[in-house]
Amino acid sequence: MSHDSAIPSDPAAPIHSAAVSARIFRAEKSTLYVLATPLGNLRDITLRALDILGSADIILAEDTRVSAKLLTHYGIKAPLRALHEHNERKSAAAIIDLLQQGHSIALISDAGTPAVSDPGARLVAAVRAAALPVVPIPGPCALITAISAAGLNAEHFYFAGFLPVPTKARRAQLETLRALDAALIFYEAPHRIRHTLSDLTQAFQEPRDLIIARELTKTFETVQRLPLADAVAWLDEHPDTERGELVLIVDTAATAKPRDTTPDEAALARWLPALLEELPPARAARVAAQATGIPRSTIYEKIKERKG
C-alpha cells in the first residue's frame, strides 16, 4: 500500500468520504514518520497518528519517560528509543541503518510537532539525504494553536522560536526582528518569561499588542491579549503565568498605521550585514525583503556578490 493509497483517486471526491475515514493505516517498511503528538490534552491525537504509532517497529522520543505516558494510555507497546538534541546527530547513522534494514520508525517529541524548536530536523535531513522516505503525520503544534486563538491584526507572521538565553544576544536579535512588518512569535520557558517580557517591552517602543498563550489545551489554558507595554505589570498580577510552557506573539496594534512599502535601499545597507550574522543567506534575504520592500531575488544577488 502506498502512502497515499487512502486518498481518493478522483480529485473531485470528498476527502472525508466514509471509505477514507474508515481505512486503517499501517507504518510501511523503511519509512520515517514525523508524527505530531498532543500538547497536553491526550484526546487531541489523530486517528492516523494512533495507527502509525501502533504499527511502527520503533518510536524515537525526545524524552522516553514523557512519551511513555502517552503510549501507555493508548496501549501502544512499540520499543522506545531516545532522540534528543544531545544525541540526534550521532544517532542518525544508526537510525538510517535500521531504516535500510526495513524497519518503520516514528519520530515524536515531548509535545506537538517534531523539528519545530524540538529535535528532529537534523535526522530528517539525514534520512532524506539517504534517499529514504519521510512521511509527516500532522497534528498539534503550539505555534499554530496560539495563532488560531490570537485574532492577529498582522497579515503575516514570523516564527522566531526560542530567543537566545544571554541577555545581550537576546536583545540583539529583538533589534533585528523589530524591523519586520509581521507578528513575531516566540516560544519561551516559564523561568525566563519575566526577562523576555522586559526585553520585548524595551525593544518595541511603538504601540504593539502581545498575546500570551500558556498551557495550551491543558486545564489551566490561558490566551491573554494586552498592550505590550502592560505585559510586566500583568505578569505581576498573574504570577501563575511563570509556570507552564508559553507562546508569545508580538502583534501589530489595532491602531497601527500601514508601513511604508517603498523599497528602502538605505535600510537594506544597514540591516543586511547584521542579518547575515544571525541567519542563513536564504532566510536573511527573505527577512530583508519583508523589511525593505526590495525583491528577495535582488537581495539574494547582493548577498552572493558580498560572498564573491
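Our subject is the structure listed above.
Every residue gets a number counted from 1 within its own chain, in the order that chain's sequence is written. Where local features are concerned, this predicted model is filtered to residues with pLDDT of at least 70; where side-chain atom pairs are given and counted, the filter is 80 or more; whole-chain, interface and lining totals use all residues. Hydrogens and water are ignored here; the side-chain numbers use all heavy atoms of the structure.

(A) Region of interest: the overall build of the chain. Helix and strand assignments follow DSSP, with helices taken as H or I runs no shorter than four residues and strands as E runs no shorter than two, numbered in order from the N terminus. Helix and strand content of the chain: twelve helices and ten strands. Each residue's exposure class comes from its accessible area (1.4 Å probe, protein chains only) as a fraction of the maximum for that residue type: buried when under 20%, exposed when over 50%, partly exposed otherwise. Counting across all 308 residues of the chain, residues that qualify as buried make up 44%. We call two residues contacting when some pair of their heavy atoms lies within 4.5 Å. Restricting to contacts in the chain with at least 6 residues of sequence separation, those with at least 24 account for 72%. Surface accessibility in these figures is a Shrake-Rupley result with a 1.4 Å probe; residues are shielded only by whichever protein chains are displayed. For the chain, the accessible surface area stands at approximately 16500 Å², while carbon and sulfur atoms represent 53% of it.

(B) Highlighting the pattern of salt bridges. We count a salt bridge whenever a side-chain nitrogen from Lys or Arg sits within 4 Å of a carboxyl oxygen from Asp or Glu. Evaluated as defined, the whole model comprises twelve salt bridges. Asp251 is the partner of Arg225 in a salt bridge, and the nearest nitrogen-oxygen pair spans 2.7 Å. Separated by 26 residues along the polypeptide, Arg225 in strand 9 (residues 222-227) and Asp251 in strand 10 (residues 246-252) bring together distant segments of the chain. Linking Lys304 and Glu301 is a salt bridge whose minimum nitrogen-to-oxygen distance equals 3.1 Å. Placement of both Lys304 and Glu301 in helix 12 (residues 296-307) is noted, with a separation of three residues, approximately one turn of the helix.

(C) Up close: the packing of helix 11 (residues 281-292) against helix 12. All axes are obtained by fitting lines to C-alpha atoms, using only the stretch in contact for helices, and the reported angles, taken between N-to-C directions, cover 0 to 180 degrees. Packing of helix 11 against helix 12 leaves a shortest axis separation of 8 Å and a crossing angle of 130°. What the angle tells us is that helix 11 and helix 12 run oblique. In the packing of helix 11 onto helix 12, the handedness of the crossing is right-handed. Of the residues in helix 12, those touching helix 11 at Pro281, Ala282, Ala285, Arg286, Ala288, Ala289 and Thr292 are Arg296, Ile299, Tyr300, Ile303 and Lys307. Split by residue class, the contact of helix 11 with helix 12 holds eight nonpolar, one polar and three charged. Roughly parallel here means an angle under 35 degrees, roughly antiparallel means over 145, roughly perpendicular means 65 to 115, and every remaining angle is called oblique. Here a crossing is called left-handed whenever its near helix is offset anticlockwise from the far helix by less than a right angle, and right-handed whenever the offset is clockwise. We call Asp, Glu, Lys and Arg charged. Ala, Val, Leu, Ile, Met, Phe, Trp, Tyr, Cys and Pro are nonpolar, and the rest, Gly among them, are polar.

(D) Representation of the layout of surface pockets within the structure. Considering only enclosed or pocket space, the largest pocket measures out at about 1000 Å³ in volume. As defined here, a cavity is a set of points on a 1 Å grid over the protein atoms alone where a 1.4 Å probe fits but cannot get out. A pocket is an open set with protein on both sides within 12 Å along at least five of seven lines, and residues line them when an atom is within 4 Å of a point. In this structure, the largest pocket is lined by 34 residues; those nearest its centre are Val116, Ser117, Asp118, Phe162 and Tyr187. Of all the secondary structure elements, the ones that give two or more residues to the lining of the largest pocket are helix 5 (121-129), strand 6 (157-162), strand 7 (183-188) and strand 10. Counting residues per element, the lining of the largest pocket draws most heavily on strand 6, which supplies four residues. Here the residues of the lining of the largest pocket are counted per class, giving 17 nonpolar, seven polar and ten charged. Grid points are joined across faces, edges and corners, and a volume is the space filled by probe spheres set on the points.

Bear in mind that shape data such as this cannot, by itself, settle questions of function.
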